[in-house]
Amino acid sequence: MPDAAREPERKLGPGRMVLVVGPSGAGKDTLMSALRDRLKDRQDVRFARRAITRECDRDAEDHETLTRQEFDRLVADGETALSWEAHGLGYVIPKSYDTCIAAGDTVIANGSRRILQRAADKYETAIVLLITAPVEVLADRLAMRGRESRADIEKRLKRADLEPQDVANLVRIENTGTVEHGVDEMLTALRL
């Protein structure tokens, strides 16, 4: 069949893919954990457990561990809902979550700004919750982690592209209040 006669590829739905993104220190994990607690009785909302090419660490996110070869094979075979690489690691949102979206569920995942366009192209409804805070607040939070000097952190944050451009369905949540307030904003944005 000639290309002109082909129907456009249907996007996956009717459920929604919600990607939570933002700079280090914005409080994404804290808000997602509190949101998960608040929605624990909702059968139509799923929180994606990612697979990452790093060993599990009790101080880090709960995730499945992949080898680099497993990551490369999953990506090459199209066996992921979404995947990306950052900081020398491979990240996968498992393909099983596409089944949930096809069934009408909302899937909430810790995402990356690198995959926002791919998500918009793939899903009928892809929503981006950008969790952020002023540079000074981010710097304070990162300094409390003790990994870099305050001057290095401020330089890095001033150079960083903290605000994605031209992203459909983006909701910006400035996380400078209480955790409860941040979760309320997330729930309002998602109409849950």
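Data block above holds the structure.
Colleague: Mind showing me how you'd approach the sheet that holds strand β3 (residues 51-52) here?
Modeller: Two strands in a sheet stick together by hydrogen bonds in their backbones, pointing the same way (parallel) or opposite ways (antiparallel). Overall, mixed pairing links the four strands, which are arranged β4-β3-β6-β5 in an open sheet. Edge positions in the sheet fall to β4 (64-65) and β5 (80-86), since each has one partner strand and no second. With two bridges connecting them, β3 and β4 associate as parallel partners. Along β4, the bridge assignment pairs alanine 51 with glutamate 64. Taken strand by strand, helix α2 (residues 68-76) contacts β4, β5 and β6 (89-94), and its axis lies near 130° from that of β5.

Colleague: Could you clarify how one ought to interpret unusual backbone geometry in this entry?
Modeller: It is generally the case that most residues other than glycine have a negative phi and that most peptide bonds are trans. Between glycine 13 and the following residue, proline 14, the backbone shows a cis peptide bond with an omega angle of 10°. Of note, proline 14 is situated in strand β1 (residues 12-21). Residues other than glycine seldom take positive phi values, yet asparagine 169 does so here, at roughly 55°. Inspection of the secondary structure puts asparagine 169 in the loop between α6 (150-159) and β9 (170-174). Exposure remark for asparagine 169: the relative accessible area of 46% places this residue in the partly exposed category. Positive phi, normally seen in glycine, also occurs at arginine 191, with a value near 55°. Mapped onto the elements, arginine 191 comes out in the segment after α7 (179-190).

What counts, and where the lines are drawn
- Residues numbered from 1 in each chain as written.
- Predicted model: local features only at pLDDT ≥ 70, side-chain atom pairs only at ≥ 80, totals over all residues.
- Heavy atoms only, no water.
- Pairing = 2+ DSSP bridges.
- Helix = DSSP H or I, 4+ residues; strand = E, 2+ residues; numbered from the N terminus.
- Contact = heavy atoms within 4.5 Å.
- Axes fitted to C-alpha atoms, helices over the stretch in contact; angles between N-to-C directions.
- Buried < 20%, exposed > 50% of the residue type's maximum accessible area, 1.4 Å probe, protein only.

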